[in-house]
Structure formats: structure tokens, C-alpha cells
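Spelled out, the chains give:
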Amino acid sequence: MSEPTGSAVVVEGLRRAYERKRQEPRVALDGIDLSVAVGEVHGLLGPNGAGKTTLCKILSTVLLPTGGRAEIFGHDVVSDTAAVRRLLGIVFGGERGLYGRLTARQNLRYWSALYRQPRSVGRQRSAALLERVGLADRADERVETFSRGMKQRLHLARGLIGDPKLLVLDEPTIGMDPVAARDFRALVGELRAEGRTILITTHDMAEAEAVCDRVSLIDEGRLVATENPRTIGDWLSTYERVVAEDVPEDVAVAVRAVPGVRDATRAEGSLVVETDAAGAAARVVELLVKAGVARISTGKPSLADVYLHVIGDRGSVVR
Ligand SMILES: Nc1ncnc2c1ncn2[C@@H]1O[C@H](COP(=O)(O)OP(=O)(O)OP(=O)(O)O)[C@@H](O)[C@H]1O
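A short tour of the structure in this document, coming up. Since the structure is predicted, the reported quantities are computational estimates derived from the model, not experimental observations.

A few words now on the sheet that holds strand β4 (residues 67-72). Overall, antiparallel pairing links the four strands, which are arranged β2-β1-β4-β5 in an open sheet. Both edges of this open sheet fall to β2 (23-37) and β5 (75-76), since each of them pairs with a single strand only. Summarising the sheet, β4 and β5 pair through two bridges and their orientation is antiparallel. Across the sheet, residue E71 finds its bridge partner in β5, namely D76.

Below, the structure is given as C-alpha cells:
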């Protein structure tokens, strides 16, 4: 493949609303701007319903946007779908798109034929890909007998059959056991080394840290920010939240003075304490217990909470 230059994916002001009966349309994407460099592994991270799958579907030309534009290697996903499809492979999580009654090898040859590859190429690519995803010894068994993890690996092989320059992976490790997930991450590294660009959605921060060059956090249809995944990982490991009930004001004042407490506010009768240094949450809990506060819970703030805090620190208001 040629040397990486320019952008593989450019998205500008992308919107998608789903019409609903007797209700306002649901806005799944609310003006997304995103650029993915050629050769980059880019993560889309966000809670359920954030809009990640909708974005992947639009980029893969299986869903139309209701506003804005998106290009894959300079080809518009709406007006130039044939060119986009030649350049792109899609792997959606779950069981969709595989033929259970066919064997793994037959599935791949079928997809190769859809890409109009000569039969000899289809045979050779199918065999090589089955080897690559660790399914060579089960290649001639029906897919309906496969575990979820095996189906996921076959999905990945299917996504690679057309030799795509951009691979869109939507929750690719769902259903995989930890060993398969680790092998999968190694495979993403190989695909990257081949110069392919990869867009991968995940809920899993560890996965994002392991494979992604950059991560975009999406929340409620908006892109909150794009960062190096290690930066986000560091935030997640230092941020904690303590929620306590019936805290007298003098104790709240003492809590605010504990090193590592970034914020302690009252919300619906509770004191919500956010910490951003290792050990700070434990010091807060100790202080509360000594002061006789009985109802205390601790937990991690959501990824989106962490992100918004950090962006707030930088002074750039997101919404
Ligand atoms: N066909 C549809 N009709 C109506 N609403 C939809 C449709 N598909 C998705 N949505 C809504 O659009 C929003 C974004 O969904 P999307 O599947 O893109 O999110 P996601 O980030 O991929 O979530 P998940 O991680 O759960 O897959 C959600 O509120 C969802 O309910």
C-alpha cells in the first residue's frame, strides 16, 4: 500500500434523525465533525445510544445522513457509494450478515463473489483469511455451530475479503473471550502495520488504550473531544466520586479541604464529592466516617463526566 498521507475519513456537520410515530424525531447524530488520518486506528467511544453505530452505518453507506457530509478517501458517502464500498470493509457486532447454514469458507467465498473477485482469488483469499483469524481448522463446518466469538472472527474475515483500505469495526470484541479479544487486538496491530485505516467503536477503555492512536468521545450524538487514549485512561484511573447523605456543613467544609478533592457540591440533599488524585476518595471516606456520617457510597464517574470535567478545566465549553 502507498505511504499514508491525508485523510481517510472526513466528516462535517453530520446529522441523522430517526423519524418516530407520534413523537419528535430522535436525533442520533447532532452535527459531528471528525477527521481520521490515513493509517490511523481511531476509536469511537461512548455510552449506549451515543450514536456510534449510526455514524458507522452512514460511513459504510448503509444509512443516509439527514444533514452534513462525509467522505471516505475523498469519495462522498451519499453520491459516490460504489467507490466508497470498494475501499471499505465493515464488521458489525453480533450475528447479522452471516449465513448459518453455510460453512465459514462458503460464507467468505460468497462475499468474495459479491466483490466480483475471480474465483481463484476468492478461494485463495478465503483460505488465507480463515488462517489469519484462527478458523482454518473449522473452515468447513456450518457457521450455526460456531460460538459467538468464532462468529465475530468470521465477521472480521468477511470485512477483510475485499482488501479494504478502511475497516469499520463496530464493537468487534463483543462475545469474544479474553484470549480471543487479545488475539484480535494483535490482529488490529497487524492491519495497521499494513497501512490500513481503522475506525473502531467500543465501550471498553482498555481496548481503546490497547489499539487506538486517537479516541473520539461521542455522547448524545455529539463529539465531545478527540484525545490520545492514554490521556483518557489516566483521567479514569484518578477520578473517583463519593456520595454521602446527611453531611453537616462543617464536615462538608472539611471535605473540601482534603487534598485531591476537586469539587464537593450538594445535590438533592447529598454531598457529591469528586476527586482527581489517587487515594483522595479514601481520605474523604475516612473523614466522613470519623464525623459520624453513616450513608456513604463510592464509585467511578462516567467516562463522559470525566471528559466534561477535563474539558471544563481547559475552559472550552462543550455545550
Ligand atoms: N432505527 C432507529 N429508529 C429510531 N431510533 C433509532 C434507530 N436506530 C438508533 N436509534 C436511536 O439513535 C440513538 C443512537 O443509536 P446508536 O445505535 O447509533 O448508538 P450507539 O452509540 O451505537 O449505541 P450502542 O453502543 O448501544 O450500540 C439512540 O438513541 C437510538 O435509540
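That covers the picture; the talk isn't over yet.
Let's shift gears to the nonpolar core. V9, L59, A157 and V168 are the most contacted members of the largest nonpolar core, which totals 59 residues. Setting aside residues no more than four positions away along its own chain, V168 makes contact with C56, L59, S60, L88, I90 and L199. In this structure, V242, V255, A280 and L288 belong to the second largest nonpolar core, which totals twelve residues.

Turning to the pairing of β4, a few remarks are in order. Pairing analysis gives five bridges linking strand β1 (residues 7-20) to β4, with the strands arranged antiparallel. Within β4, the residue paired with R15 across the bridge is G67. Between β4 and β5, which pair antiparallel in sequence order, lie two residues; one of them, F73, sits at a positive phi of approximately 45°.

Here strand β11 (residues 240-245) runs beside strand β13 (residues 270-275); their pairing, made up of six bridges, is antiparallel. Directly across from E245, in β13, lies its bridge partner S270. Relative to β13, strand β12 (residues 261-267) runs antiparallel, the two being bridged by six bridges. Bridge pairing links D263 to E274 in β13. Where β12 folds back on β13, the antiparallel hairpin that results is connected by two residues, among which E268 adopts a positive phi of roughly 50°.

What follows deals with the packing of helix α3 (residues 104-114) against helix α5 (residues 148-160). Closest axis-to-axis distance for the α3/α5 pair is 9 Å, and the angle between their directions is 25°. Taken together, the axes of α3 and α5 lie roughly parallel to each other. Crossing angle aside, the handedness with which α3 passes α5 is right-handed. Packed against α3, whose contacting residues are A104, N107, L108 and W111, the element α5 presents L154, A157 and R158 at the interface. Residues of the contact of α3 with α5, tallied by class, amount to five nonpolar, one polar and one charged.

Once that is clear, we can look at the sheet that holds strand β10 (residues 222-227). Taken together, six strands build an open sheet; the order of strands is β6-β7-β8-β3-β9-β10 and the sheet is mixed. Edge positions in the sheet fall to β6 (88-92) and β10, since each has one partner strand and no second. Taking the axes of each pair of neighbouring strands and ignoring which way they run, one obtains an average angle of 15° across the sheet. In this structure, β6 lies alongside strand β7 (residues 166-170), joined through five bridges in parallel fashion. Bridge assignment links L88 to a residue of β7, and that residue is L166. Across the sheet, α5 lies against β6 and β7, angled at about 165° from β6, the strand it touches most.

Conventions adopted
Residues numbered from 1 in each chain as written. Predicted model: local features only at pLDDT ≥ 70, side-chain atom pairs only at ≥ 80, totals over all residues. Pairing = 2+ DSSP bridges. Helix = DSSP H or I, 4+ residues; strand = E, 2+ residues; numbered from the N terminus. Core = buried A, V, L, I, M, F, W, Y, C linked by C-beta atoms within 7 Å. Buried ≥ 20, exposed ≤ 12 C-beta atoms within 10 Å, placed from the backbone. Contact = placed C-beta atoms within 7 Å. Axes fitted to C-alpha atoms, helices over the stretch in contact; angles between N-to-C directions. Parallel < 35°, antiparallel > 145°, perpendicular 65-115°, else oblique. Left-handed = near helix turned anticlockwise from the far one by under 90°. Nonpolar A, V, L, I, M, F, W, Y, C, P; charged D, E, K, R; others polar.

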